[in-house]
Amino acid sequence: MSTAPEGYDPHAFVPFAVTVDLAVFTVREARLHVLLVERGGEPYKGRWALPGGFILPRESAEEAARRELAEETGLTQGAVGGLHLEQLRTYTEPDRDPRMRVVSVAYAALLPDLPEPRGGGDAASARWWDATDPGDLAFDHERILADAYDRIGAKLEYTCLATAFCPPEFTLGELQQVYETVWGVELDRPNFRRKVLATPGFVEAVEGSPRRTGGRGKPAALYRAGAAAALHPPLLRPEGRTE
């Protein structure tokens, strides 16, 4: 155990706590959803909030994030350990928590195939909530959610993450729907198709007969995820939102 250097008095500084908050998104029924928990205790008892909690003395922020996500949602430790969580930013406003000075390290993730959550730990319940209408959230979680939404929207611009939300073999229309769902905009179909097919390694055509989609009798070619992890050039979203 380390000792304080001579002349250093840790009690000369006002103590504060460090927490983690998680903005976890997924696509369900062609809508973007975010994981929220109902607070079981004060402050803000009964209000909905992002999953999170205090960092324990002997754990890192990422370890705390995964522990809290497992505790408050009922997801297994194994499932949580395999998720990719991206550090979003640190929130340090002095009055963001009525209990004491609390600094929060926030994480964001956009993940496919997540199960129904269950409340646990100090959460009364947990559920997937329409990300466009989360309601009045506890603490400063509306700000964190807005920042996280911007981050995951940008992630689709420069990575191939959108293909993870499609079937193993998909049409470009299905891929476009993922982008429209996350970005909240309507994309021009020919322009989207041109950009996707011009991006090396984004998708690759499936050999064989095309399938019919949309009930129009018009054949649509099938694709699968390509070998690329990043998009060069990026697939930039249009300005603004339609909803």
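Quick note: structure is the one above.
Throughout, residues of each chain are indexed from 1 in the direction in which the sequence is written. Given that this is a predicted model, residues contribute local features only at a pLDDT of at least 70 and side-chain atom pairs are listed and counted only at 80 or more, while totals for whole chains, interfaces and linings are drawn from all residues. Side-chain figures throughout are based on the complete set of non-hydrogen atoms in the structure, without hydrogens or water.

J.: How do you make sense of the overall build of the chain when you look at a structure like this?
T.: For the chain, the helix and strand inventory stands at five helices and eleven strands. Projected onto the principal axes, the alpha-carbon positions of the chain cover approximately 75 × 40 × 35 Å. Each residue is placed in one exposure class: buried if its accessible area under a 1.4 Å probe, protein chains only, is under 20% of its type's maximum, exposed if it is over 50%, and partly exposed if it falls in between. The buried share among the 243 residues of the chain stands at 44%. All accessible areas in this document rest on Shrake-Rupley with a 1.4 Å probe, and a residue is counted as covered only by the protein chains that are shown. As presented, the chain carries roughly 13300 Å² of accessible surface, and 52% of it is formed by carbon and sulfur atoms. When the 28 positive and 36 negative side-chain charges of the chain are each reduced to one mean point, those points stand 6 Å apart. Helix numbering and strand numbering both begin at the N terminus, where a helix is a DSSP run of H or I of at least 4 residues and a strand a DSSP run of E of at least 2. Charge counting follows a simple rule: Lys and Arg are positive, Asp and Glu are negative, and His as well as the terminal groups are ignored. We put the charge of a Lys on NZ, of an Arg on CZ, of an Asp on CG and of a Glu on CD.

J.: Explain the pattern of salt bridges here, please?
T.: Side chains that carry opposite charge are capable of pairing whenever their charged atoms lie near each other. Salt bridges are counted wherever a side-chain nitrogen of Lys or Arg sits within 4 Å of a carboxyl oxygen of Asp or Glu. Under the counting rule described, the total for this entry stands at 17 salt bridges. One connected set of salt bridges, linked through shared partners, spans E59, R67, E68 and E71.

J.: Please explain the environment of C160 as it appears in this structure.
T.: Counting through the fold element by element, C160 comes out in the loop between helix 3 (141-158) and helix 4 (172-183). Sequence separation between C160 and A228 is 68 residues, and the spatial gap between their C-alpha atoms is 7.1 Å. Discounting residues that sit within four places of it in the chain, C160 has contacts with F202, A228, A229, A230 and L231. Contacts are assigned to residue pairs that have any heavy atoms within 4.5 Å of one another.

J.: Would you explain a nonpolar patch on the surface in this entry?
T.: Taken together, the side chains of F16, V18 and M100 define a hydrophobic patch exposed on the protein surface, amounting to about 250 Å² of accessible area. The topology assignment puts V18 in strand 1 (residues 17-28). Grouping into patches uses exposed residues only, defined as over 30% relative accessible area, and leaves out salt-bridged ones; the cut-off is 9 Å for like charges and 5 Å for nonpolar side chains (Val, Leu, Ile, Met, Phe, Trp, Tyr).

J.: For this particular structure, what's the right way to read the nonpolar core?
T.: Generally speaking, soluble globular proteins have nonpolar side chains that are buried together. Take the buried Ala, Val, Leu, Ile, Met, Phe, Trp, Tyr and Cys residues and link them wherever side-chain atoms come within 4.5 Å; each set so joined is a nonpolar core. F25, L110, L175, Y179 and F202 are the most contacted members of the largest nonpolar core, which has 42 residues in total. Listed by contribution, the elements that provide at least two residues to this core are strand 1, strand 2 (31-39), strand 5 (86-91), strand 6 (102-110), helix 3, helix 4 and helix 5 (189-198). Counting residues in hydrophobic clusters, the runner-up holds 19 residues, among them A64, A65, L75 and L111.

J.: Would you mind showing me how to read the layout of surface pockets here?
T.: Leftover empty space is mapped by rolling, across the atoms, a probe with the size of a water molecule. In this model, the second largest pocket occupies a volume close to 270 Å³. If you go around the second largest pocket, you meet 22 residues; those closest to its centre are R39, G52, G53, R99 and F139. Looking at the lining of the second largest pocket, the elements that each hand over two or more residues are strand 1, strand 2, strand 4 (52-54) and helix 1 (61-73). Of the residues belonging to the lining of the second largest pocket, the class tally is eight nonpolar, five polar and nine charged. Put simply, the grid is 1 Å and covers the protein atoms alone, a cavity is a trapped set of points that fit a 1.4 Å probe, a pocket is an open set with protein on both sides within 12 Å along at least five of seven lines, and lining residues have an atom within 4 Å of a point. Grid points are joined across faces, edges and corners, and a volume is the space filled by probe spheres set on the points. The residue classification treats Ala, Val, Leu, Ile, Met, Phe, Trp, Tyr, Cys and Pro as nonpolar and Asp, Glu, Lys and Arg as charged. All others, Gly included, are polar.

J.: Got a minute to help me understand the pairing of strand 1 in this structure?
T.: Two faces make up the sheet, and in a regular strand the side chains alternate between them. Where burial is concerned, most of strand 1 is hidden: nine out of the twelve residues are buried. Between any two strands, pairing holds if DSSP finds at least two bridges. The pairing of strand 1 with strand 6 spans nine bridges and is parallel. Residue pairing across strands places A23 opposite A108, the latter belonging to strand 6. Taken together, the three bridges between strand 1 and strand 4 define a ladder with antiparallel strand orientation. Within the sheet, the bridge partner assigned to T19 lies in strand 4 and is F54. When strand 1 meets strand 2, the two strands line up antiparallel, connected through four bridges.

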